[in-house]
Amino acid sequence: MKAKKLVFVLMSLIIVASLAACGGGAMEEKPMEEAPMEEAPAEAEAEEAMEEKLYIPVISKGFQHQFWQAVNTGADQAAADLGVEITFEGPESEAMVDKQVEMFQTALDKNPAAICLAAVDSKAFEPLLQEAKEAGIPVIGFDSGVDSDVPVTTATTDNVAAAALAADKMAELIGGEGEVAVIAHDQTSRTGIDRVAGFVDQMEANYPNITVVDVQYGAGDQLKSTDLAKAIIQANPDLKGFFGANEGSIIGVLNAATELSNEDLVIIGYDSGKQQTDAIRSGQQTGAITQNPVGIGYKCVEAAVKAYNGESLPEVIDTGFYYYDATNIDDAEIQAVLYE
């Protein structure tokens, strides 16, 4: 009996040892894998909002002139400096009012932080400006203001004063008497209205012996402005001076003077660009008024950010202007505001 009991105990021990050996792995304690932590919805939304940039559409009168490309450069620089996102667009022609209105509506529908606008037609935007105001979206004017109290500020040149300076220079150069003419881009935008008024009113008020024989509008188009300028020169053989109120207008005047071989005409322009600066260096063009297009672009975006943040702004941000000719075109102050 004792032998049988001993065998039974030994067999039991062997079975237990075998089971322990086979199941040892299951007995080992394994570290628990941590489940991935999901970010709380509120925290994720807050982080996304912090990363999202303010969106500011910049709607110009067009792209066809180097002036607007320079404004775009300034706007891009402000966007980079201030950490905001912008788009810069404009119609193919400065005569395309409906197209620009459509662009403004599209921008408004995106619920931006603010909108910058250089209006082709100073009165066409009133319904949309009211819509922007009701939506709490600040509107910043640049280059051209609008006939409305909705824009919180306008970054622009004092175009009346600048054109008056062009008239003073013209009067001096033609000896205070004679016939002069004007080609402007339009009679609907604030710049077109103010530049013509500044030049014509200055002549009428201060130079009684000078007559402005004609004012025509070429929509800023070089070819149209060329045809208009040629017609004026041919109709007024005693014409002494010609003022072109924007880049496209003055290039039209230069083209007309070249085609008609009129070398004695005193020509004063507005803005810059390679064709104008080359004409001034060669002596074909007497001089021009330059704005600060890069500064205009920068200031309008800067003002949009300030308006969004609730900061107070002046009614007008004066971006300055200069008269330049062959005597000062290479001065550092002038070179800083010219563009090609």
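Caption draft 1: How the structure looks around unusual backbone geometry. The backbone phi angle of N111 is positive, close to 50 degrees, even though this residue is not glycine. Along the chain, the position of N111 falls in the loop between α4 (97–109) and β3 (115–117). Judged by relative accessible area, which is 56%, N111 ranks as exposed. A positive phi angle, close to 60 degrees, is found at A219, a residue other than glycine. Topologically, A219 is positioned in the loop between β7 (210–217) and α8 (222–235).

Caption draft 2: Up close: the nonpolar core. Ranked by internal contacts, the top residues of the largest apolar core, which has 28 residues, are I56, V58, I86, C116, F142, C300 and V301. For this core, the secondary structure elements donating two or more residues are β1 (55–59), α3 (66–82), β2 (85–89), β4 (139–142) and α11 (293–308). In this structure V301 touches I56, V58, A75, A78, A79, L82, V84, I86 and C116, once residues within four positions along its chain are discounted. In terms of nonpolar packing, the next biggest core, distinct from the first, is built from 22 residues, A171, I174, A184 and Y323 among them.

Caption draft 3: Representation of the packing of helix α9 (residues 247–259) against helix α10 (residues 274–282) within the structure. Interaxial distance between α9 and α10 falls to 10 Å at its minimum, and their mutual angle equals 45 degrees. In terms of axis orientation, α9 runs oblique to α10. By crossing handedness, the relation of α9 to α10 is classed as left-handed. Every residue of α10 that contacts α9 at E247, I250, I251, L254 and N255 is listed here: Q275, Q276 and A279.

Caption draft 4: Quick peek at the packing of aromatic side chains. Summed over the entire model, instances satisfying the criterion amount to 7 aromatic pairs. Ring geometry for F67 against W68: centres 5.0 Å apart, planes inclined by 80 degrees, an arrangement best described as edge-to-face. Since its relative accessible area comes to 4%, F67 is described here as buried. Consider the rings of F67 and Y339, whose centres lie 6.2 Å apart with planes at 65 degrees: the pair is edge-to-face.

Caption draft 5: Main features of α3. Spanning 17 residues, α3 covers 24 Å between terminal C-alpha atoms, matching the ideal 24 Å at 1.5 Å per step. Along α3, the positions that sit buried rather than exposed are F67, W68, A70, V71, N72, G74, A75, A78 and A79. In this structure, the buried side of α3 is in contact with β2, β4, α9 and α11. G83 occupies a position one or two residues after α3 and carries a positive phi of about 70 degrees.

Reading the values: rules and limits
Residues numbered from 1 in each chain as written. Predicted model: local features only at pLDDT ≥ 70, side-chain atom pairs only at ≥ 80, totals over all residues. Heavy atoms only, no water. Helix = DSSP H or I, 4+ residues; strand = E, 2+ residues; numbered from the N terminus. Buried < 20%, exposed > 50% of the residue type's maximum accessible area, 1.4 Å probe, protein only. Core = buried A, V, L, I, M, F, W, Y, C linked by side-chain atoms within 4.5 Å. Contact = heavy atoms within 4.5 Å. Axes fitted to C-alpha atoms, helices over the stretch in contact; angles between N-to-C directions. Parallel < 35°, antiparallel > 145°, perpendicular 65-115°, else oblique. Left-handed = near helix turned anticlockwise from the far one by under 90°. Phe/Tyr/Trp six-rings, centres within 6.5 Å; stacked < 30°, edge-to-face > 60°. Expected span 1.5 Å × (residues − 1).

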